[in-house]
Amino acid sequence: MSAQHHCARVNGHCNRCDSPVPFAFTMAFQPIVNVSQRQVVYYEALVRGPNGETAFSILGQVTDELMYRFDQACRIKAIELASALGMRERLSINFLPNAVYEPQACIQATLEAAHRVGWPTERLNFEITETERVKDRMHMRGIIESYREMGFTTSLDDFGNGYANLDLLTDLRPDTLKIDRDLVMECDRDKRRQAILRSLVALADTLGTQLIAEGVETREESRCLLTLGIPMQQGYYFSYPNLEALAEIDDAKYD
């Protein structure tokens, strides 16, 4: 195995991940709600610039060389901010599977940050992003299984957008599937989308996986999803991402 393809963590330090990221960034938090229970159950941490610059502007600075450091730094930043904001809900953190060499080793900085600020590790969820770039499905499966053994939960992001499709479920067993906006959009008026969503509900029930609908933008979409059996929802209808802050959801959004 070449030096490019093994974990670089030795004696508690990682030459690949421990150096500071050479640009500033922070996190915005967007709630994931359970409409049936009328409450926020997760906050997803989303990278932003220090003055609210877009994720795209920050991610554009992440070279292949910086990917490992950035992934670790994002986890630590999200945990530190969630703790400082007094978050009591679960924290969902995006991660790049290609930035994880060995799950047990690459999680150490995350665990150290959680311990330092008193964040319960059982309230950590990891969202798998950019699945189209993952070449080694078994490696991703190993990450999910290792995280489950450590008490974390995992989500597969953007399910149904053309990259994260049904074939992933032959190899992966995430705790939640996040249904992409492409399937949610105008679902209240689109019988074909409704049929697909019903099928996903049945599939998720069979697999023992929870569904979260992403990109909910209207009351009608939210009501339709709830009727179809998808109470877990996220999107602008409930709240935009809040820079270094936690949104309070208007009770009327649940009606």
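Residues numbered from 1 in each chain as written. Predicted model: local features only at pLDDT ≥ 70, side-chain atom pairs only at ≥ 80, totals over all residues. Heavy atoms only, no water.

J.: Before we go on, may I ask you to explain the side chain of Gln194 in this structure?
T.: Within the element layout of this structure, Gln194 appears in helix 7 (residues 191-207). Not counting chain neighbours up to four residues away, the residues in contact with Gln194 comprise Cys187, Asp188, Arg189, Cys224 and Leu228. (Helix = DSSP H or I, 4+ residues; strand = E, 2+ residues; numbered from the N terminus. Contact = heavy atoms within 4.5 Å.)

J.: Would you mind going over the pairing of strand 6 (residues 124-128) with me for this structure?
T.: Within a regular strand, the side chains alternate between the two sheet faces. Summarising burial for strand 6: five of the five residues are buried, a large majority. Judged from the five bridges that link them, strand 5 (residues 90-95) and strand 6 form a sheet pairing that is parallel. Across the sheet, Asn94 pairs through a bridge with Glu127, a residue of strand 6. Pairing of strand 6 with strand 7 (residues 153-159), which is carried by four bridges, proceeds in the parallel orientation. In the sheet register, Phe126 faces strand 7, and the bridge partner there is Thr154. (Buried < 20%, exposed > 50% of the residue type's maximum accessible area, 1.4 Å probe, protein only. Pairing = 2+ DSSP bridges.)

J.: It is not clear to me how the pattern of salt bridges should be interpreted in this structure. Could you clarify?
T.: When charged atoms on two side chains of opposite charge get close, those side chains can pair. As enumerated under the stated definition, the model contains 12 salt bridges in all. For Lys178, the salt bridge is made with Glu44, and the minimal N-O distance between the two is 3.0 Å. Of this pair, Lys178 sits in strand 8 (residues 176-179) while Glu44 sits in strand 4 (residues 39-48); the two residues are 134 residues apart in sequence, bridging distant segments of the chain. Across this residue pair, the class does not change: Lys178 and Glu44 are buried. Arg181 is the salt-bridge partner of Glu221, the closest N and O atoms lying 2.9 Å from each other. On the criterion of sequence distance, the pair formed by Glu221 in helix 8 (residues 219-228) and Arg181 in helix 6 (residues 181-184) is long-range, its members being 40 residues apart. With a relative accessible area of 2%, Glu221 lands in the buried category. Look at the salt bridges and you will find they share partners, linking Glu44, Glu127, Lys178 and Glu214 into a network. (Salt bridge = Lys/Arg side-chain N within 4 Å of Asp/Glu carboxyl O.)

J.: Before we go on, may I ask you to explain the state of the cysteines in this structure?
T.: Think of a disulfide as a covalent bridge from one cysteine sulfur atom to another cysteine sulfur atom. All chains considered together, the criterion is met by zero disulfides. No disulfide involves Cys224; its sulfur sits 3.9 Å from that of Cys187, the nearest cysteine. On the accessibility criterion, Cys224 (12% relative accessible area) is buried. (Disulfide = S-S within 2.5 Å.)

J.: Even after reading the chapter, I still don't get unusual backbone geometry, so can you show me in this structure?
T.: Excluding glycine, most residues fall at negative phi; most peptide bonds, likewise, are trans. In the Ramachandran plot, Asp158 falls in the positive-phi region, its phi being about 55° despite a non-glycine side chain. Checked against the element boundaries, Asp158 lands in strand 7. Residue classification places Asp158 among the partly exposed positions, given a relative accessible area of 27%. Not every positive phi belongs to a glycine, and Glu244 is a case in point at roughly 50°. Here Glu244 lies in the segment after strand 11 (242-243). Since its relative accessible area comes to 40%, Glu244 is described here as partly exposed.

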